[in-house]
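Overview (structure and organization)
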Amino acid sequence: MTGSYPNTRLRRTRSTGWSRALHRETMLTSADLIWPLFVTDGEGVEEPIATLPGVSRWSVDGIVERAKEAIALGIPVIALFPNTQADKRSDDGAEAHNPDNLMCRAIRAIKAECGDEIGVLTDVALDPYTAHGQDGLLNDAGYVVNDETVAMLVDQALNQAEAGADIIAPSDMMDGRIHAIRMALEMAGHTNVQIMSYAAKYASAFYGPFRDAVGSGGLLKGDKKSYQMDPANTLEALREVEFDLAEGADSVMVKPGLAYLDIATRAKDQFGVPVFAYQVSGEYAMIEAAVAAGAGDRDALVLETLLAFKRAGCSGILTYHAAHAARLLNG
């Protein structure tokens, strides 16, 4: 501790706007943002999502336009999530391996129009493709089996990489899947395809609107507590991060975001690697509900919460507010 009052007045550097800017410790820019987008079938389709006010599902042509919008706003990466039609869902999630599925068509269309002007991050998990809404394969007892699911995830990741994905993001929380996917990518020649692992993904109450968006909410049988993490645990999250880094992850993610900022900070401090956080659908929806109720200003709430992620040590944030925040930051 240095200084004492009145020689040191901590309010002195806060007294003017220029001084606050000069002494600001954390900076947020549009380059810190990843924009999650939902893909649906059809052409010229925009389907507003009731539980995510201001967010829509887009057909592939609309997704391409959102990619161009992201480039114009300085957002470096978009994250894709498919809303798979019910008749293409199955117990084994086989549609995930279809080279002409929604995800792959969207990847190819974006790359055809935008090339390397923007990165495409793709979700690897089976829940958008399974009839039961779980992230993996079930045995007769209804338990999500690990190794058989990993084999499916490897083929899913290769399918997306072949379509042109830049970052593979396994969100399933199966043990060993990062090593298996990394080895498969290397053997297939996709040496520059990154893996951003959902390393610390918690069994959270904040995912509801997302499940509506991808069409799995009403299908989900049981819960995901046997593979997603217990919200009470910190040390387990650090073990998950350590394992995924050892297996070949280029970066790691903490999900959800605001309720788990301590996990992001611990991971950054302990491992010194790129740590990302996902401001998930429930967190987004709470901000929008507060705004609708007149309980807060959207611009201030969005920027303050995103700044909190950066202050916690995150390299970037996945947020449905990405385009809105980028406009504010670029203004």
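In this text, all values refer to a predicted model and were calculated from it rather than measured experimentally.

With that settled, consider helix 7 (residues 235-247). The terminal C-alpha atoms of helix 7, which comprises 13 residues, lie 19 Å apart, in line with the 18 Å expected from a rise of 1.5 Å per residue. Buried residues of helix 7: Ala237, Leu238, Glu240, Val241, Asp244 and Glu247, and no others. For helix 7, the secondary structure elements touched by its buried residues are helix 5 (177-187), strand 7 (194-201), strand 8 (251-255) and helix 8 (261-271). Phi turns positive one or two residues past the end of helix 7, at Gly248, with a value near 120°.

Let us look at the layout of surface pockets. Estimated volume of the largest pocket: approximately 270 Å³. Residue lining of the largest pocket: 17 residues in total, with Trp35, Gly54, Val55, Tyr320 and Ala323 positioned closest to the centre. At the level of elements, strand 1 (33-39), strand 3 (56-58), helix 2 (60-73), helix 9 (281-292) and helix 11 (322-330) are the ones that each hand at least two residues to the lining of the largest pocket. In terms of residue count, the dominant contributor to the lining of the largest pocket is strand 1 (four residues). Here the lining of the largest pocket is built from residues that sort into nine nonpolar, four polar and four charged.

All right, on to unusual backbone geometry then. In this model, Tyr5 is joined to Pro6 through a cis peptide bond whose omega is 10°. Cis peptide bonds are those with omega within 30 degrees of zero, and the linkage from Lys255 to Pro256 qualifies with -5°. Of note, the phi angle at Met173 is positive, near 70°, even though the residue is not glycine. Within the fold, Met173 resides in the loop between strand 6 (167-170) and helix 5. A residue is classified by how much of its surface remains accessible, and Met173, at 4% relative accessible area, is buried.

Let us now look at helix 11. Three or four residues apart is the spacing at which side chains of an α-helix point the same way, because the helix has 3.6 residues per turn. Within helix 11 the residues assigned to the buried category are Ala322, Ala323, Ala325 and Ala326. Taken down its axis, helix 11 places every buried residue within 160° of arc, on the same side. Tucked into the core, helix 11 has its buried residues touching strand 1, helix 2, helix 10 (298-311) and strand 10 (316-319).

Now for the packing of helix 10 against helix 11. At a minimum axis separation of 10 Å, helix 10 and helix 11 run at an interaxial angle of 95°. Classified by the interaxial angle, the pair formed by helix 10 and helix 11 is roughly perpendicular. Packed against helix 10, whose contacting residues are Arg298, Asp299, Val302, Leu303 and Leu306, the element helix 11 presents His324, Ala325, Leu328 and Leu329 at the interface. Residues of the contact of helix 10 with helix 11, tallied by class, amount to six nonpolar, one polar and two charged.

One way to put it is that helix 3 (residues 102-114) packs onto helix 4 (residues 146-163) with a least axis distance of 8 Å and a crossing angle of 25°. Regarding the angle of helix 3 to helix 4, the classification is roughly parallel. In this structure, the crossing between helix 3 and helix 4 has a hand that is right-handed. Each of Met103, Cys104, Ile107 and Arg108 in helix 3 lies in contact with helix 4, whose residues at this interface are Asn159, Gln160 and Ala163. Split by residue class, the contact of helix 3 with helix 4 holds four nonpolar, two polar and one charged.

Here is what the cut-offs are and how they apply
Residues numbered from 1 in each chain as written. Predicted model: local features only at pLDDT ≥ 70, side-chain atom pairs only at ≥ 80, totals over all residues. Heavy atoms only, no water. Helix = DSSP H or I, 4+ residues; strand = E, 2+ residues; numbered from the N terminus. Expected span 1.5 Å × (residues − 1). Buried < 20%, exposed > 50% of the residue type's maximum accessible area, 1.4 Å probe, protein only. Contact = heavy atoms within 4.5 Å. 1 Å grid on protein atoms, 1.4 Å probe; cavity = no way out; pocket = protein on both sides within 12 Å on 5 of 7 lines; lining within 4 Å. Points joined across faces, edges and corners; volume = space filled by probe spheres on them. Nonpolar A, V, L, I, M, F, W, Y, C, P; charged D, E, K, R; others polar. Arc of directions from axis to C-beta. Axes fitted to C-alpha atoms, helices over the stretch in contact; angles between N-to-C directions. Parallel < 35°, antiparallel > 145°, perpendicular 65-115°, else oblique. Left-handed = near helix turned anticlockwise from the far one by under 90°.

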